[in-house]
Every structure is written in C-alpha cells, then in structure tokens.
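Observations on the three-dimensional arrangement
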Amino acid sequence: MSAAGENLRIDGDRLWESLMEMARIGPGVAGGNNRQTLTDADKQGRELFARWCEEAGLTMGVDKMGTMFMTRPGTDPEALPVYIGSHLDTQPTGGKFDGVLGVLSGLEVVRTLNDLDIRTRHPIVVTNWTNEEGARFAPAMLASGVFAGAIPLEHAYGRTDLEGKSFGDELERIGWKGAEEVGARKMHAYFEYHIEQGPILEAENVEIGVVTHCQGLWWLEFTLTGKEAHTGSTPMNMRVNAGLAMARIMEMVQEVAMAAQPGAVGGVGQVQFAPNSRNVLPGTVVFTVDIRSPDQAKLDGMRAAIEARAAQICAALGVGCAIEPVGHFDPVTFDPTLVERVRAAAEKLGHSHMNLISGAGHDACWAAKVAPATMIMCPCVDGLSHNEAEDISKEWASAGADVLFHAVVETAGIVD
Ligand code: GLV
Ligand code: MN
Ligand code: MN
C-alpha cells in the first residue's frame, strides 16, 4: 500500500463543467437554482448524476429514502467502503454550489482514480442524500437522519410541504423510492466537502477549512392562535392578535441569541399568516424559530428561555401558543483521525488551512453518529449562501476537491 503522490490532482476544469451543467437543471429566478427535493427538477438532477456515475463505472444502490449510493469497488471484499457525500437538492432560492460541490467532487475523485488507473483496498461510495435542505419538508438532513436511526422512516414519509403533499408520496411520484433498508450500510469513514456558507475563510484569505465541529440546532415550530377580526372596526383593546405575538416572539428570539453571545445564533425564516389578508387580524400564525450553538448547554438553555418567554408573551395577549420541535441535532465533534488526515492533505498540497466549526447543518452530522466522519470546506464569496448569488471560484473548488481526493485515497488505501 502506498500514499498518493503529492503531484496528483483532480481535474478542476471537468469538476467546474459538471457543476455548471448540473446548475442548468432547476434554474432559479436570479442566476441560482430552485431544485427543491422531490420535485421534477430534483428527478432530472438525479438522472444526470446517475448517468455520469454509470459512465464512470459506478454501480447504484437506492434506499427507501431515495438516497443514491454510487459504488466504485475496492480490491478487498471484506473492507467497508469510504463514503463521500452531500446533496443535490437546493433551497427555493439556492446557489449552484451548496451541496452540489460535495456530490460532484466525490464523482470527480472517482473519475480521477479511473484516469490514473488507481485501485483502492476499500470501495468508495459517492452519495446523494435526499432532502438535506429541509426547505420543502422539515427537518433538514432528513434522509441522513433516518439513516443514523435518529428519525423514524414513517415519520419522514409523513412530513408534508406547504401544499400538504407528503414526502412519501412525492418520493414515489418521482420514481426514486429504492428497495434498500435505510441505514443498513456500514461505513469505514465518511467525508463531506462543502462551501463554508460563511465569511471566515475568505476574510482570513485561507483556502481550506478543516472542520472540527458542527453546531447543534433546534427548529421550533410555533402555532399561535388568535381571533380573526376586522382590522378597521375591532378596537385595540379587544384584539387577540396572533401576528403581534409572533412579532414579539421574533424580537425576543433575537434578544435570547444576543444574550448567549459568542457562539449562538437564532432567527425566524418562515412565517405563515392565516388568512393572510390585508384587513384581517390573523387568526393563526405558524412560524419556525431556528436556534444554533456548538455548546450543548447554551443551545438547550436558549430553547428553554424561548419557550418560557413565548408563553408569557402569548398569555399577556390572550393568544394560544403551541410549540413543536421539528428539527434537532446535538453539536457534533468530528473524528480526530480524519480531521488530522484532512489537515495533512492540505499541508501536503501546500494549501493554507485553518480549523472551522460549521455553522450550517450537514449530512455529515448524522453520518458522524454511525461512522468516523469529517468535513472539508472552501471559501465562498462574501460568505453568501442560501442565496442565488452564492459564488465560489474554480480555484477554490479545485483546491478543496484535491484535499478531498488525498484524504479519501489515504483512507481507502492505494493498492500497488
Ligand atoms: C441546512 O442547510 C441548514 O443548515 O439549515
Ligand atoms: Mn448544504
Ligand atoms: Mn443549504
């Protein structure tokens, strides 16, 4: 067994062309993508990825959550595979790189191994996890959560989008419900390469993020119940205003997150007013609070504070308040051996690097529950993500994919 020479590189142009070709599927309205999970665009993206994998000689497995596992065999039939994964689904107004970079870099690793005629002892499996984004069906990282045994399969199938369509029905509709039991696969190691989605690497002028941890999160779905009433004729002291309660809770979430600084965030990204008419006080408001911290005690403390203060706010206004947790994972510490392998690969290739804590959630967070796992990050322009203007350079993309290649090959073992 030998190590890959430091002169070995992936094909940065080919990776970039693949990224741009995938971005043509499910175009957004402002230059990015809307390829939400289990839509026709997702189906098309899957088909393109499957075709590329087939051309690269990979064999496909699909599990009951629709996650795609594309295998390049190893030489040792006993050796568990090394997984490279991320997601092809996007936010409704998503960028071209969030998730896609990780999946297509996995494919690029395999294409490079094929070009160089390198065999590895462990198989390599490139993975496209279903519904990482959680934009259409909460929570995020749904398929990897089921894979890790943290979310029951039936619960996942029953999740509904804003139109009331269920995850299970939509998965069947696009024809990607596989036969494989979810979570049956065992992993030797799991790697995920992703854009940072934050501003640190670019500000520090560093090429590679060596990801040591990921912050934990709670998604708390609030349903506030007031009284629908005329906005003009209902006196101020006779209103039961669920919208006002929502506004006060939103402000309170900001205060709670600010009081937990540093290392904590909190905000609201989705609000639904019903009936949502200009001259009707809302009878119902449904919205989701997203709070995150790498510190478990801080995270749980924020949740407790938000729930207690929300109850007070609603009681004062006579508004009903129900809170359902719809997404959660604890802060994650990535595998120290794999973390050091990523650092060593960056070092070997002469790329600047620094430790990072991931602010966003990733499928690697659930994979870390069932296997040694870690992540690699590259910078993104202005730290912008979950925005159609999300951007990276070809050089950044290639540098991280080279680090991925070397860390994966080191883990999978080259056979002479
Ligand atoms: C996933 O994209 C998340 O961090 O919410
Ligand atoms: Mn992502
Ligand atoms: Mn995302």
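Here the structure is a predicted model, which means the values were calculated and not measured.

This paragraph deals with the overall build of the chain. Within the chain, the regular secondary structure consists of 12 helices and 17 strands. Taken over the C-alpha atoms alone, the chain extends approximately 80 × 45 × 40 Å along its principal axes. Out of the 416 residues belonging to the chain, those deemed buried represent 55%. The contacts of the chain with a sequence gap of at least 6 include a subset with a gap of at least 24, amounting to 81%. Of the accessible surface of the chain, which amounts to about 16,600 Å², a share of 51% is contributed by carbon and sulfur atoms. For the chain, the separation between the mean place of its 33 positive charges and that of its 55 negative charges on side chains is 4 Å.

Attention now goes to the site of ligand 1. E132, E133, W219, R292, A360, G361 and H386 make up every residue found near ligand 1. Side-chain polar atom of E133 to an oxygen atom of ligand 1: 3.2 Å apart, as the coordinates give it. The contact in question runs from an oxygen atom of ligand 1 to an N or O atom on the backbone of G361, over 2.7 Å. Calculation on ligand 1 without its partners gives an accessible area of 200 Å², and the protein chains cover 94% of this total. Grouping the amino acids of the shell around ligand 1 by side-chain chemistry returns 2 nonpolar, 2 polar and 3 charged.

The next point concerns the coordination of the manganese ion (ligand 2). For the manganese ion (ligand 2), every protein donor is listed as H87 (NE2), D98 (OD) and H194 (NE2), and the spread of their distances is 2.0 to 2.3 Å. Along the chain, the residues donating to the manganese ion (ligand 2) are arranged with the sequence spacing H-x10-D-x95-H. The metal-metal distance between the manganese ion (ligand 2) and the manganese ion (ligand 3) is 3.6 Å, with D98 coordinating both. Linking D98 in the loop between β3 (82-86) and α3 (100-115) with H194 in strand β6 (residues 189-195), this pair joins segments that are 96 residues apart in sequence. On the basis of relative accessibility, which here comes to 1%, the residue H194 falls in the buried class.

Protein coordination at the manganese ion (ligand 3) comes from D98 (OD), E133 (OE), E133 (OE) and H386 (NE2), with a distance range of 2.1 to 2.4 Å. Counting residues between consecutive donors of the manganese ion (ligand 3) along the chain gives the motif D-x34-E-x252-H. With relative accessibility at 6%, the residue E133 sits in the buried group.

Moving on to the packing of α3 against helix α12 (residues 394-412). Taken N-terminus to C-terminus, the directions of α3 and α12 make an angle of 60 degrees; their axes are 10 Å apart at the nearest point. Judged by the inter-axis angle, α3 sits oblique to α12. Here the hand of the crossing between α3 and α12 comes out right-handed. Residues L101, S105, G106, V109, T112 and L113 of α3 form the contact with α12, whose own contacting residues are A397, A401, L404, F405, V408 and V409. In terms of residue class, the contact of α3 with α12 is made up of 9 nonpolar, 3 polar and no charged.

Another aspect to go through is the UniProt feature "domain: Peptidase M20 dimerisation" (unreviewed entry) in the chain. Here the UniProt-annotated "domain: Peptidase M20 dimerisation" (unreviewed entry) positions come out as residues 215-313. For residues 215-313, the helix share is 36%, the strand share is 34%, and the end-to-end C-alpha distance is 28 Å.

This part takes up the environment of T223. Structurally, T223 can be placed in strand β8 (residues 216-225). For the pair T223 and Q272, spaced 49 residues apart in the sequence, the C-alpha separation amounts to 9.6 Å. In this view, T223 contacts T284, V285, V286, G320, C321 and A322; residues no more than four positions away in its chain are not counted.

Rules and cut-offs
Residues numbered from 1 in each chain as written. Chains lettered and ligands numbered in written order. Predicted model: local features only at pLDDT ≥ 70, side-chain atom pairs only at ≥ 80, totals over all residues. Heavy atoms only, no water. Helix = DSSP H or I, 4+ residues; strand = E, 2+ residues; numbered from the N terminus. Buried < 20%, exposed > 50% of the residue type's maximum accessible area, 1.4 Å probe, protein only. Contact = heavy atoms within 4.5 Å. Areas by Shrake-Rupley, 256 points an atom, 1.4 Å probe, with all protein chains shown as cover. Lys, Arg positive; Asp, Glu negative; His and termini not counted. Charge placed at Lys NZ, Arg CZ, Asp CG, Glu CD. Near = heavy atom within 4 Å. Polar contact = N/O pair within 3.5 Å; in protein donor to acceptor, adjacent residues only side chain to side chain. Nonpolar A, V, L, I, M, F, W, Y, C, P; charged D, E, K, R; others polar. Donors = N, O, S within 2.8 Å, 3.2 Å for Na, K, Ca; no water. Axes fitted to C-alpha atoms, helices over the stretch in contact; angles between N-to-C directions. Parallel < 35°, antiparallel > 145°, perpendicular 65-115°, else oblique. Left-handed = near helix turned anticlockwise from the far one by under 90°. UniProt positions renumbered as here; feature names shortened; annotations may be inferred.

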